[in-house]
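If you want the building blocks of each chain, they are given just below.
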Amino acid sequence: SYQPYLYGELFYRGNWHQPANLCRSIYPVMTVLDNPPEMTGISFNLEAGFPSDSLVEVMHEAGDPNRGGMWFYFSRGSGVYVNIGKTKAFKTHRDVVQMYAAEDSFFGKRDWPYYAEKLRRDGWDSVQFTMMDEEDYYKFEIMLLATNGNRDNGCFPDDAAWRFKTGWGGVKPCVCDTSDIWLNCKGTNLKESELLEEMKDREAGDK
């Protein structure tokens, strides 16, 4: 693998943070350490996050913590969009901890569901972490507070299905295949499946 410098740049890093079959950069243009001299001072144009109700292309893997929301990486080119609803952007997780420091005597020692519940209480559907340091790269995380992830597969709960879209620009409903640990839109709508079977039966009867 090598260090990507641009969104959308082809990139391979086959570990649990990045599936081997999704080979486009999810990283901003700068790395945390050892920035090349010619890149010093380059700003990240999404540092302020996406505005509320944006449709954002994302990637997600099964295994989110209980009650901790549904976690994503911003991943342009994935073909899976999520409506982030009313949202607030932070640089890192610690910024959330500091925001609630005055009401938390266990500063920095709570588990994440504790802060997720506080953010829900304050009316946020999602939060964005625009410059999370992971493995010496800045990554863009999105946490959907309005629902929780599925520990067994990469799909969303039924009550959150309206938030997920696919197709060019996110104009089509997303039907997720629950046999995959990665968020996807490979599933088939039951009604569509039934119609296809009916059409096949009719064609077979006409022959």
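Residues numbered from 1 in each chain as written. Predicted model: local features only at pLDDT ≥ 70, side-chain atom pairs only at ≥ 80, totals over all residues. Heavy atoms only, no water.

1. Remarks on the pattern of salt bridges
- Under the defined criterion, the tally for this structure stands at four salt bridges.
- Here Arg163 and Asp125 are joined by a salt bridge, their closest N and O atoms 3.9 Å apart. Taken as a pair, Arg163 in the loop between strand E6 (137–144) and strand E7 (164–166) and Asp125 in the loop between helix H2 (112–121) and strand E5 (126–134) lie far apart in primary sequence, 38 residues in all.
- A relative accessible area of 7% places Arg163 in the buried class.
- Overall, Asp125 belongs to the partly exposed group, its relative accessible area being 23%. (Salt bridge = Lys/Arg side-chain N within 4 Å of Asp/Glu carboxyl O. Helix = DSSP H or I, 4+ residues; strand = E, 2+ residues; numbered from the N terminus. Buried < 20%, exposed > 50% of the residue type's maximum accessible area, 1.4 Å probe, protein only.)

2. Things to note about the state of the cysteines
- One pass over the full model with this rule turns up two disulfides.
- Each disulfide pairs two cysteine sulfurs, and for Cys155 the partner residue is Cys176, the sulfurs being separated by 2.1 Å. The S-S bond linking Cys155 to Cys176 shows a torsion near -80 degrees; that makes this disulfide left-handed. Taken together, the residues span a long stretch of sequence, with Cys155 in the loop between E6 and E7 and Cys176 in the loop between strand E8 (172–173) and helix H3 (190–206) at a distance of 21 residues.
- Once the bonded cysteines of the protein chain are numbered in order along the sequence, the disulfide links fall as 1-3, 2-4. (Disulfide = S-S within 2.5 Å.)

3. Observations regarding unusual backbone geometry
- Positioned with a positive phi, Asp53 is a non-glycine residue whose angle comes to about 70 degrees.
- Structurally, Asp53 is set in the segment before strand E1 (55–59).

4. Remarks on the packing of aromatic side chains
- If you walk through the whole model with that rule in mind, you get eight aromatic pairs.
- Between Phe50 and Phe140, the ring centres sit 5.6 Å apart and the planes meet at 55 degrees, which makes this aromatic pair tilted. Of this pair, Phe50 sits in the segment before E1 while Phe140 sits in strand E6, and the two are 90 residues apart along the sequence. Just as Phe50 is buried, Phe140 falls in that class too. (Phe/Tyr/Trp six-rings, centres within 6.5 Å; stacked < 30°, edge-to-face > 60°.)

5. Things to note about the nonpolar core
- Grouped together as the largest cluster of nonpolar side chains are 20 residues, with contacts concentrated most on Phe72, Phe164 and Leu183.
- For this core, the secondary structure elements donating two or more residues are E1, strand E2 (70–74) and E6.
- Listed in part, the 15 residues of the second largest apolar core include Trp71, Leu119, Val127 and Phe129. (Core = buried A, V, L, I, M, F, W, Y, C linked by side-chain atoms within 4.5 Å.)

6. Some details on the pairing of E2
- Counting buried positions along E2 yields five of five residues, so the element is predominantly enclosed.
- Judged by which residues are buried, E2 turns out to be covered on both faces: Met70, Phe72 and Phe74 on one side and Trp71 and Tyr73 on the other are all buried.
- Looking at chain direction, E1 and E2 are connected through two bridges and run antiparallel. In the strand pairing of E2, Val58 is matched with Phe74. (Pairing = 2+ DSSP bridges.)

7. Focus on the side chain of Asn83
- As for its placement among the helices and strands, Asn83 is situated in strand E3 (residues 81–83).
- Classification of Asn83 as buried rests on a relative accessible area of 17%.
- Polar side-chain contacts of Asn83 include one of 2.9 Å to the backbone nitrogen of Gly85.
- Contacts of Asn83, omitting those with residues within four sequence positions, involve Asp53, Ser54, Leu55, Leu144, Trp162 and Arg163. (Polar contact = N/O pair within 3.5 Å; in protein donor to acceptor, adjacent residues only side chain to side chain. Contact = heavy atoms within 4.5 Å.)

8. Considering H2
- Considered for burial, the residues of H2 that qualify are Trp112, Pro113, Tyr115, Ala116, Lys118 and Leu119.
- Directly beyond the C-terminal end of H2, a positive phi value near 95 degrees is found at Gly123.

9. Focus on the confidence of the model for the protein chain
- For the protein chain, the mean per-residue pLDDT works out to 75, and 63% of the residues sit at or above 70.
- When pLDDT is averaged over each helix and strand of the protein chain, the minimum, 58, is found for H3 and the maximum, 96, for E3.
- This model gives residues 6–43 a pLDDT under 50, and the stretch forms 97 contacts once residues within four places in sequence are excluded. (pLDDT = per-residue confidence, 0-100.)

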